[in-house]
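Descriptive structure summary
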Amino acid sequence: MMDQKRLEYLRQVERHADETGWVAPLTQEDKDHFAYLRKVFKCYNIAPSKATPTEYDFVVRVAESEFYSR
């Protein structure tokens, strides 16, 4: 069980995170997923910043389907 000092420290960290919008760093799986997503965009010759909502949705669905099936 955590001692009281450690528990209070974690509460302070959580309050700070809540106030500043701080988020946890990306995991390796997150990084791999984003890299794969970029490859799929490139494969279909679609620039993410210029993609229509339909194109963007399509690429995200393809990438998620293929990435998580591995």
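Calculation rules
Residues numbered from 1 in each chain as written. Predicted model: local features only at pLDDT ≥ 70, side-chain atom pairs only at ≥ 80, totals over all residues. Heavy atoms only, no water. Helix = DSSP H or I, 4+ residues; strand = E, 2+ residues; numbered from the N terminus. Rg over C-alpha atoms; globule rule 2.2 N^0.38 Å. Buried < 20%, exposed > 50% of the residue type's maximum accessible area, 1.4 Å probe, protein only. Areas by Shrake-Rupley, 256 points an atom, 1.4 Å probe, with all protein chains shown as cover. Salt bridge = Lys/Arg side-chain N within 4 Å of Asp/Glu carboxyl O. Axes fitted to C-alpha atoms, helices over the stretch in contact; angles between N-to-C directions. Parallel < 35°, antiparallel > 145°, perpendicular 65-115°, else oblique. Left-handed = near helix turned anticlockwise from the far one by under 90°. Contact = heavy atoms within 4.5 Å. Expected span 1.5 Å × (residues − 1).

1. Here's the deal with the overall build of the chain
Looking only at helices and strands, one finds 3 helices and 0 strands in the chain. Written out in order from the N terminus, the α and β elements of the chain read α-α-α. A compact globule built from 70 residues should have a C-alpha radius of gyration of about 11 Å, whereas the chain, at 19 Å, is more than 25% larger. Structurally, the chain occupies a C-alpha span of about 55 × 30 × 15 Å along its principal axes. By the burial criterion, 19% of the 70 residues in the chain qualify as buried. As displayed, the chain has an accessible area near 6200 Å², and 54% of this comes from carbon and sulfur atoms.

2. Remarks on unusual backbone geometry
Its identity as a non-glycine residue notwithstanding, N45 has a phi of 55 degrees, on the positive side. Position of N45 relative to the elements: it lies in the loop between α2 (28-43) and α3 (53-69).

3. Focus on the pattern of salt bridges
If you walk through the whole model with that rule in mind, you get 2 salt bridges. Of the charged contacts in the structure, one is a salt bridge between R61 and D57, with a shortest N-O distance of 3.5 Å. Here R61 pairs with D57, and both are found in helix α3, just 4 residues apart, close to one helical turn. Under the relative-accessibility criterion, D57 is labelled partly exposed at 38%.

4. Observations regarding the packing of α2 against α3
At a minimum axis distance of 9 Å, the contact between α2 and α3 shows a crossing angle of 130 degrees. Comparing their axes, α3 and α2 come out oblique. Handedness of the crossing formed by α2 with α3: right-handed. Between α2 and α3, the contacting residues are E29, D32, H33, Y36, L37, V40 and F41 on the first element and Y56, V59, V60, V62, A63, E64, E66, F67 and Y68 on the second.

5. A closer look at helix α1 (residues 4-20)
Taking 1.5 Å as the rise per residue, α1 with 17 residues should run 24 Å; its terminal C-alpha atoms sit 24 Å apart, in good agreement. G21, located one to two residues past α1, shows a positive phi value of around 75 degrees.

Scope: geometric values only; no functional claims are made or implied.
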